Amino acid sequence: MRAFLENDHFKLGTFSSNCSSGMSVTKVDERWDNSWENNLRLAQMLDAAGIDFMLPIARWIGYGGATDFHHNVLETMTWATALLAKTERLTLFATMHTAANNPVVVAKQIATADQVGRGRIGLNIVAGWNRPEYEALGLTLPDDHETRYGYAQEWFDIVQKLWKSDEAFDWTGDWFQLKNVLSHPHPVDGRPPILNAAGSGQGRDFATRNADYLFTPAIDLDRSKDEVQQIKDQAAAKGRKVGVLTFAHICCRPTEAEARDYHHWYAQENADWEATDNLVNLQFANAQSFPHDLLALIRDRMAAGHGGFPLIGTPDQVADGIEKLAQAGFAGSTMSFLDYAEEFPYFRDEVLPRLAAKGLRPAPDAARKPEPAE
(Lines give C-alpha, C1' and ligand atoms only; values in the text may rest on other atoms or scores of the structure.)
Protein backbone atom coordinates (compact mmCIF):
# COMPACT_ATOMS: atom_id res chain seq x y z
CA MET A 1 0.00 0.00 0.00
CA ARG A 2 1.15 3.56 -0.64
CA ALA A 3 2.87 5.16 2.33
CA PHE A 4 0.47 8.10 2.35
CA LEU A 5 -2.50 5.79 2.87
CA GLU A 6 -0.71 3.37 5.17
CA ASN A 7 0.74 5.79 7.73
CA ASP A 8 -1.69 6.31 10.60
CA HIS A 9 0.00 9.28 12.31
CA PHE A 10 -1.55 12.76 12.15
CA LYS A 11 -0.74 13.82 8.61
CA LEU A 12 0.85 17.16 7.86
CA GLY A 13 1.29 18.86 4.50
CA THR A 14 1.51 22.30 2.98
CA PHE A 15 -1.24 24.01 0.99
CA SER A 16 -1.05 26.49 -1.88
CA SER A 17 2.70 27.04 -2.09
CA ASN A 18 2.28 27.01 -5.89
CA CYS A 19 0.23 30.23 -5.67
CA SER A 20 1.43 33.80 -5.21
CA SER A 21 1.01 34.87 -1.56
CA GLY A 22 0.26 31.28 -0.59
CA MET A 23 -2.78 31.43 1.70
CA SER A 24 -2.27 34.92 3.16
CA VAL A 25 -4.26 37.72 1.53
CA THR A 26 -1.82 40.42 2.60
CA LYS A 27 0.07 43.31 1.05
CA VAL A 28 3.32 42.97 3.03
CA ASP A 29 6.51 42.42 1.06
CA GLU A 30 7.28 39.34 3.16
CA ARG A 31 4.38 37.39 1.66
CA TRP A 32 5.18 34.14 -0.14
CA ASP A 33 6.93 34.28 -3.48
CA ASN A 34 5.73 31.15 -5.35
CA SER A 35 8.74 30.88 -7.65
CA TRP A 36 9.90 27.45 -8.79
CA GLU A 37 13.12 27.94 -6.82
CA ASN A 38 11.20 28.61 -3.61
CA ASN A 39 8.88 25.65 -4.16
CA LEU A 40 11.82 23.33 -4.77
CA ARG A 41 13.62 24.61 -1.68
CA LEU A 42 10.47 24.11 0.40
CA ALA A 43 9.72 20.64 -0.99
CA GLN A 44 13.18 19.36 -0.20
CA MET A 45 13.00 20.72 3.35
CA LEU A 46 9.60 19.06 3.85
CA ASP A 47 10.88 15.81 2.38
CA ALA A 48 13.90 15.73 4.69
CA ALA A 49 11.72 16.52 7.71
CA GLY A 50 9.30 13.66 7.01
CA ILE A 51 6.28 15.86 6.16
CA ASP A 52 3.66 13.81 4.34
CA PHE A 53 2.46 15.84 1.36
CA MET A 54 2.11 19.06 -0.57
CA LEU A 55 -1.29 20.15 -1.89
CA PRO A 56 -1.58 22.82 -4.61
CA ILE A 57 -4.49 25.03 -5.63
CA ALA A 58 -5.46 25.08 -9.32
CA ARG A 59 -6.19 28.69 -10.17
CA TRP A 60 -6.59 30.50 -13.49
CA ILE A 61 -7.32 34.13 -12.57
CA GLY A 62 -6.57 36.25 -9.50
CA TYR A 63 -8.92 37.76 -6.94
CA GLY A 64 -8.17 41.43 -7.58
CA GLY A 65 -7.33 43.93 -4.89
CA ALA A 66 -3.96 45.61 -4.52
CA THR A 67 -2.12 42.29 -4.81
CA ASP A 68 -4.45 40.51 -7.27
CA PHE A 69 -4.22 37.58 -4.85
CA HIS A 70 -3.39 34.28 -6.63
CA HIS A 71 -2.72 35.93 -9.98
CA ASN A 72 0.57 34.01 -10.36
CA VAL A 73 0.13 30.23 -10.12
CA LEU A 74 2.29 27.26 -11.09
CA GLU A 75 0.12 24.68 -12.90
CA THR A 76 -0.41 21.77 -10.55
CA MET A 77 0.32 18.70 -12.69
CA THR A 78 3.57 20.17 -14.02
CA TRP A 79 4.51 21.39 -10.53
CA ALA A 80 3.81 18.02 -8.89
CA THR A 81 5.72 15.98 -11.48
CA ALA A 82 8.76 18.22 -11.33
CA LEU A 83 8.86 18.07 -7.51
CA LEU A 84 8.46 14.29 -7.54
CA ALA A 85 11.68 14.09 -9.53
CA LYS A 86 13.51 16.09 -6.85
CA THR A 87 12.18 14.42 -3.67
CA GLU A 88 12.22 10.93 -2.17
CA ARG A 89 9.34 10.41 0.31
CA LEU A 90 6.93 13.30 -0.11
CA THR A 91 3.50 12.75 -1.70
CA LEU A 92 2.62 15.44 -4.27
CA PHE A 93 -1.01 16.06 -5.16
CA ALA A 94 -2.15 17.43 -8.50
CA THR A 95 -5.38 19.44 -8.30
CA MET A 96 -7.65 18.91 -11.28
CA HIS A 97 -10.92 20.63 -12.21
CA THR A 98 -13.15 18.03 -13.83
CA ALA A 99 -14.73 20.51 -16.25
CA ALA A 100 -11.40 21.85 -17.52
CA ASN A 101 -9.49 18.58 -17.93
CA ASN A 102 -10.31 15.60 -20.13
CA PRO A 103 -10.41 12.42 -18.02
CA VAL A 104 -8.46 10.38 -20.57
CA VAL A 105 -5.66 12.93 -20.51
CA VAL A 106 -5.70 13.18 -16.70
CA ALA A 107 -5.53 9.39 -16.29
CA LYS A 108 -2.34 9.31 -18.34
CA GLN A 109 -0.87 12.42 -16.71
CA ILE A 110 -1.31 10.98 -13.22
CA ALA A 111 0.06 7.59 -14.24
CA THR A 112 3.07 9.25 -15.87
CA ALA A 113 3.79 11.32 -12.77
CA ASP A 114 3.50 8.13 -10.75
CA GLN A 115 6.36 6.62 -12.75
CA VAL A 116 8.48 9.63 -11.81
CA GLY A 117 7.56 9.52 -8.12
CA ARG A 118 7.45 5.73 -7.79
CA GLY A 119 4.03 5.77 -6.16
CA ARG A 120 3.96 9.27 -4.63
CA ILE A 121 1.38 11.11 -6.76
CA GLY A 122 -2.09 11.98 -5.50
CA LEU A 123 -5.17 13.45 -7.19
CA ASN A 124 -7.27 16.25 -5.72
CA ILE A 125 -10.60 16.39 -7.59
CA VAL A 126 -12.45 19.71 -7.92
CA ALA A 127 -16.01 19.59 -9.22
CA GLY A 128 -16.12 23.39 -9.61
CA TRP A 129 -17.28 26.50 -7.78
CA ASN A 130 -15.40 29.57 -9.10
CA ARG A 131 -17.73 31.10 -11.70
CA PRO A 132 -15.33 33.79 -13.06
CA GLU A 133 -12.76 31.08 -13.79
CA TYR A 134 -15.32 29.05 -15.69
CA GLU A 135 -16.12 32.15 -17.73
CA ALA A 136 -12.41 32.80 -18.34
CA LEU A 137 -12.08 29.27 -19.74
CA GLY A 138 -15.21 29.57 -21.87
CA LEU A 139 -17.12 27.13 -19.66
CA THR A 140 -20.47 27.34 -17.88
CA LEU A 141 -20.68 26.56 -14.16
CA PRO A 142 -23.94 24.65 -13.53
CA ASP A 143 -26.09 26.33 -10.89
CA ASP A 144 -26.97 23.06 -9.18
CA HIS A 145 -24.59 20.78 -7.30
CA GLU A 146 -26.31 17.68 -8.68
CA THR A 147 -25.07 18.46 -12.19
CA ARG A 148 -21.56 19.39 -11.04
CA TYR A 149 -21.13 16.15 -9.11
CA GLY A 150 -22.93 14.00 -11.65
CA TYR A 151 -20.38 15.15 -14.21
CA ALA A 152 -17.53 14.64 -11.72
CA GLN A 153 -18.67 11.10 -10.97
CA GLU A 154 -18.68 10.07 -14.62
CA TRP A 155 -15.33 11.83 -15.10
CA PHE A 156 -13.76 9.90 -12.23
CA ASP A 157 -15.35 6.60 -13.24
CA ILE A 158 -13.57 6.95 -16.58
CA VAL A 159 -10.25 7.79 -14.93
CA GLN A 160 -10.47 4.77 -12.63
CA LYS A 161 -11.38 2.40 -15.45
CA LEU A 162 -8.45 3.64 -17.51
CA TRP A 163 -6.12 3.01 -14.57
CA LYS A 164 -7.24 -0.64 -14.39
CA SER A 165 -8.12 -1.71 -17.93
CA ASP A 166 -5.72 -3.71 -20.07
CA GLU A 167 -8.06 -3.67 -23.04
CA ALA A 168 -9.47 -0.74 -24.98
CA PHE A 169 -13.10 0.13 -24.32
CA ASP A 170 -15.90 2.40 -25.50
CA TRP A 171 -17.79 4.68 -23.13
CA THR A 172 -21.26 6.06 -23.68
CA GLY A 173 -22.50 8.20 -20.80
CA ASP A 174 -24.41 11.38 -20.02
CA TRP A 175 -21.40 13.63 -20.55
CA PHE A 176 -18.74 11.57 -22.31
CA GLN A 177 -18.79 9.45 -25.46
CA LEU A 178 -15.43 7.76 -25.94
CA LYS A 179 -14.31 5.21 -28.50
CA ASN A 180 -11.54 2.64 -28.24
CA VAL A 181 -9.76 4.26 -25.26
CA LEU A 182 -6.86 2.71 -23.36
CA SER A 183 -4.29 4.25 -21.03
CA HIS A 184 -0.86 2.76 -20.41
CA PRO A 185 1.08 2.98 -18.21
CA HIS A 186 -1.07 2.39 -15.17
CA PRO A 187 -0.20 3.88 -11.76
CA VAL A 188 2.67 1.93 -10.22
CA ASP A 189 1.09 0.80 -6.95
CA GLY A 190 -2.67 0.69 -7.26
CA ARG A 191 -4.96 3.69 -7.15
CA PRO A 192 -3.29 6.95 -6.09
CA PRO A 193 -4.71 8.64 -2.99
CA ILE A 194 -7.78 10.71 -3.83
CA LEU A 195 -8.66 13.97 -2.09
CA ASN A 196 -11.86 15.99 -2.45
CA ALA A 197 -13.06 19.14 -0.70
CA ALA A 198 -16.80 19.08 -0.13
CA GLY A 199 -19.35 21.09 1.83
CA SER A 200 -22.68 20.46 0.12
CA GLY A 201 -24.72 17.31 0.60
CA GLN A 202 -24.03 16.25 -2.98
CA GLY A 203 -20.32 16.97 -2.54
CA ARG A 204 -20.05 14.90 0.61
CA ASP A 205 -21.92 12.05 -1.02
CA PHE A 206 -19.36 12.17 -3.86
CA ALA A 207 -16.38 12.37 -1.49
CA THR A 208 -17.51 9.55 0.78
CA ARG A 209 -18.13 7.38 -2.29
CA ASN A 210 -14.83 8.09 -4.05
CA ALA A 211 -12.18 9.85 -1.97
CA ASP A 212 -9.70 8.54 0.57
CA TYR A 213 -9.76 11.89 2.36
CA LEU A 214 -12.39 14.60 2.50
CA PHE A 215 -11.02 18.10 2.95
CA THR A 216 -13.09 20.56 5.01
CA PRO A 217 -12.47 23.70 7.11
CA ALA A 218 -12.30 23.66 10.91
CA ILE A 219 -14.09 26.81 11.97
CA ASP A 220 -15.41 25.72 15.36
CA LEU A 221 -13.94 22.52 16.82
CA ASP A 222 -17.08 21.58 18.77
CA ARG A 223 -18.97 21.72 15.50
CA SER A 224 -16.13 19.90 13.75
CA LYS A 225 -16.34 16.89 16.09
CA ASP A 226 -19.92 16.22 15.03
CA GLU A 227 -19.17 16.99 11.39
CA VAL A 228 -16.19 14.64 11.22
CA GLN A 229 -18.16 11.81 12.83
CA GLN A 230 -21.05 12.34 10.40
CA ILE A 231 -18.65 12.10 7.46
CA LYS A 232 -17.11 8.91 8.81
CA ASP A 233 -20.56 7.41 9.39
CA GLN A 234 -21.65 8.38 5.89
CA ALA A 235 -18.62 6.64 4.43
CA ALA A 236 -19.10 3.57 6.63
CA ALA A 237 -22.67 3.24 5.36
CA LYS A 238 -21.13 2.85 1.89
CA GLY A 239 -18.68 0.25 3.17
CA ARG A 240 -15.77 2.68 2.99
CA LYS A 241 -13.32 4.34 5.35
CA VAL A 242 -12.71 8.01 4.62
CA GLY A 243 -10.40 10.23 6.63
CA VAL A 244 -11.08 13.94 7.14
CA LEU A 245 -8.38 16.55 6.61
CA THR A 246 -8.52 20.25 7.39
CA PHE A 247 -6.23 23.23 6.82
CA ALA A 248 -4.47 25.53 9.27
CA HIS A 249 -2.49 28.75 9.14
CA ILE A 250 0.58 28.95 11.37
CA CYS A 251 2.40 31.90 12.89
CA CYS A 252 4.84 30.48 15.43
CA ARG A 253 7.32 32.54 17.46
CA PRO A 254 9.26 32.11 20.73
CA THR A 255 6.68 34.17 22.63
CA GLU A 256 2.93 34.51 22.22
CA ALA A 257 3.22 38.30 22.05
CA GLU A 258 5.68 38.10 19.14
CA ALA A 259 3.43 35.70 17.24
CA ARG A 260 0.26 37.69 17.79
CA ASP A 261 1.87 41.04 16.96
CA TYR A 262 3.38 39.70 13.74
CA HIS A 263 0.14 37.99 12.76
CA HIS A 264 -1.88 41.17 13.40
CA TRP A 265 0.58 43.21 11.35
CA TYR A 266 0.25 41.17 8.17
CA ALA A 267 -3.25 39.69 8.56
CA GLN A 268 -5.10 42.77 9.81
CA GLU A 269 -3.16 46.01 9.44
CA ASN A 270 -1.87 45.10 5.98
CA ALA A 271 -4.53 42.70 4.73
CA ASP A 272 -5.68 43.10 1.14
CA TRP A 273 -9.31 43.51 2.15
CA GLU A 274 -10.58 44.07 -1.38
CA ALA A 275 -9.16 40.73 -2.51
CA THR A 276 -10.39 39.13 0.74
CA ASP A 277 -13.94 40.31 0.13
CA ASN A 278 -13.84 39.12 -3.47
CA LEU A 279 -12.73 35.70 -2.26
CA VAL A 280 -15.38 35.51 0.47
CA ASN A 281 -18.15 36.66 -1.87
CA LEU A 282 -17.23 34.05 -4.48
CA GLN A 283 -17.07 31.28 -1.89
CA PHE A 284 -20.47 32.16 -0.48
CA ALA A 285 -22.10 32.66 -3.88
CA ASN A 286 -21.07 29.41 -5.53
CA ALA A 287 -19.80 27.00 -2.86
CA GLN A 288 -20.91 25.56 0.46
CA SER A 289 -17.46 24.98 1.93
CA PHE A 290 -17.83 27.40 4.84
CA PRO A 291 -20.74 27.77 7.31
CA HIS A 292 -22.62 30.91 6.37
CA ASP A 293 -23.49 31.83 9.96
CA LEU A 294 -19.85 32.57 10.76
CA LEU A 295 -19.21 35.14 8.04
CA ALA A 296 -17.46 37.78 10.19
CA LEU A 297 -15.06 35.25 11.69
CA ILE A 298 -14.41 33.67 8.31
CA ARG A 299 -13.59 37.06 6.75
CA ASP A 300 -10.77 37.61 9.25
CA ARG A 301 -9.49 34.08 8.75
CA MET A 302 -9.63 34.50 4.97
CA ALA A 303 -7.25 37.44 5.18
CA ALA A 304 -4.85 35.55 7.43
CA GLY A 305 -4.84 32.15 5.81
CA HIS A 306 -7.64 31.60 3.26
CA GLY A 307 -10.00 30.49 6.05
CA GLY A 308 -7.58 28.10 7.71
CA PHE A 309 -7.72 27.22 11.40
CA PRO A 310 -5.44 29.72 13.21
CA LEU A 311 -2.42 28.32 15.04
CA ILE A 312 -0.86 31.45 16.48
CA GLY A 313 1.61 31.43 19.36
CA THR A 314 4.57 29.62 20.85
CA PRO A 315 5.71 26.15 19.76
CA ASP A 316 3.84 24.68 22.73
CA GLN A 317 0.65 26.54 21.80
CA VAL A 318 0.88 25.53 18.13
CA ALA A 319 1.51 21.89 19.07
CA ASP A 320 -1.44 22.00 21.48
CA GLY A 321 -3.63 23.45 18.72
CA ILE A 322 -2.69 20.63 16.36
CA GLU A 323 -3.48 18.14 19.12
CA LYS A 324 -6.95 19.70 19.44
CA LEU A 325 -7.50 19.15 15.71
CA ALA A 326 -6.60 15.49 16.19
CA GLN A 327 -8.93 15.24 19.19
CA ALA A 328 -11.74 16.65 17.04
CA GLY A 329 -11.29 13.63 14.78
CA PHE A 330 -9.25 15.09 11.94
CA ALA A 331 -6.76 12.70 10.36
CA GLY A 332 -4.41 15.52 9.41
CA SER A 333 -4.05 19.11 8.34
CA THR A 334 -2.32 21.22 5.77
CA MET A 335 -0.15 24.09 6.93
CA SER A 336 0.41 27.52 5.51
CA PHE A 337 2.80 30.26 6.60
CA LEU A 338 3.27 33.85 5.53
CA ASP A 339 6.60 32.72 4.03
CA TYR A 340 6.72 28.93 3.95
CA ALA A 341 10.43 28.41 3.32
CA GLU A 342 11.55 30.97 5.91
CA GLU A 343 9.15 29.89 8.67
CA PHE A 344 9.01 26.11 8.26
CA PRO A 345 12.50 25.46 9.73
CA TYR A 346 11.39 26.91 13.09
CA PHE A 347 8.24 24.77 12.98
CA ARG A 348 10.37 21.74 12.06
CA ASP A 349 12.84 22.27 14.89
CA GLU A 350 10.43 23.32 17.62
CA VAL A 351 6.94 21.99 16.89
CA LEU A 352 7.58 18.61 15.24
CA PRO A 353 9.45 17.24 18.31
CA ARG A 354 6.55 18.33 20.50
CA LEU A 355 4.07 16.54 18.23
CA ALA A 356 6.24 13.41 18.39
CA ALA A 357 6.23 13.62 22.19
CA LYS A 358 2.42 13.76 22.09
CA GLY A 359 2.36 10.62 19.94
CA LEU A 360 0.88 12.46 16.95
CA ARG A 361 3.90 12.26 14.66
CA PRO A 362 6.95 10.03 14.19
CA ALA A 363 10.17 11.26 15.75
CA PRO A 364 11.91 13.76 13.44
CA ASP A 365 14.71 12.24 11.40
CA ALA A 366 17.41 14.80 12.07
CA ALA A 367 20.00 12.88 10.06
CA ARG A 368 18.30 13.43 6.73
CA LYS A 369 19.37 16.53 4.84
CA PRO A 370 17.72 17.95 1.70
CA GLU A 371 19.60 17.56 -1.52
CA PRO A 372 20.71 20.89 -3.00
CA ALA A 373 18.47 22.34 -5.68
CA GLU A 374 19.92 22.14 -9.15
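Note that the structure is a prediction, hence the values are computed from the model and not measured.

Reading the values: the criteria
Here the residue index of a chain counts from 1 through its sequence in written order. Selection of residues for local features in this predicted model requires a pLDDT of at least 70, selection of side-chain atom pairs for listing and counting requires 80 or more, and totals for whole chains, interfaces and linings are taken over all residues. Here the side-chain values reflect all heavy atoms present in the structure, with hydrogen atoms and water set aside. Between rings of Phe, Tyr and Trp, where Trp is taken as its six-membered ring, a pair exists when centres lie within 6.5 Å; planes separated by under 30 degrees are stacked, by over 60 edge-to-face, and by other angles tilted. Runs of E in the DSSP output that reach at least two residues are strands. Runs of H or I that reach at least four are helices, and both are numbered from the N terminus. Note on exposure labels: buried denotes an accessible area under 20% of the residue type's maximum, exposed denotes more than 50%, and partly exposed covers the range between, all computed with a 1.4 Å probe on protein chains only. As a rule, the C-alpha atoms of each element are fitted with a line to give its axis, helices using only the stretch in contact, and angles between N-to-C directions run from 0 to 180 degrees. The scheme is simple: roughly parallel for angles under 35 degrees, roughly antiparallel for over 145, roughly perpendicular for 65 to 115, oblique for anything else. For any helix crossing, the convention is left-handed if the near helix is rotated counterclockwise from the far helix by under a right angle, and right-handed if that rotation is clockwise. Whether two residues are in contact is decided by their heavy atoms: any pair within 4.5 Å suffices. Under the scheme applied, nonpolar residues are Ala, Val, Leu, Ile, Met, Phe, Trp, Tyr, Cys and Pro; charged residues are Asp, Glu, Lys and Arg; polar residues are all the others, including Gly.

## Overview of the packing of aromatic side chains
The full count for this structure, using the stated rule, is 17 aromatic pairs. Ring centres 6.0 Å apart and planes at 75 degrees place the aromatic pair F15 and F247 in the edge-to-face group. Here the residue F15 occupies a position in strand β1 (residues 11-15), and F247 occupies one in strand β9 (residues 243-252), the gap between them amounting to 232 residues. Across this residue pair, the class does not change: F15 and F247 are buried. Look at Y151 and F176: their rings are 5.2 Å apart centre to centre, the planes differ by 45 degrees, and that puts the pair in the tilted class. On the criterion of sequence distance, the pair formed by Y151 in helix α6 (residues 145-164) and F176 in the loop between β5 (169-172) and β6 (177-181) is long-range, its members being 25 residues apart. Classification of F176 by relative accessible area gives buried; the value is 8%. Among the aromatic residues, ring-to-ring pairing joins W32, F337, Y340, F344 and F347 into one connected group.

## Some words on the packing of helix α7 (residues 201-210) against helix α8 (residues 221-237)
At a minimum axis distance of 9 Å, the contact between α7 and α8 shows a crossing angle of 55 degrees. Taken as axis vectors, α7 and α8 run oblique relative to one another. As α7 packs across α8, the resulting crossing turns out to be right-handed. Only E227, I231, Q234 and A235 of α8 make contact with α7, whose side of the interface consists of R204, D205 and T208. Classifying every residue of the contact of α7 with α8 by side-chain character gives two nonpolar, two polar and three charged.

Just geometry here; none of it tells us what the structure is for.
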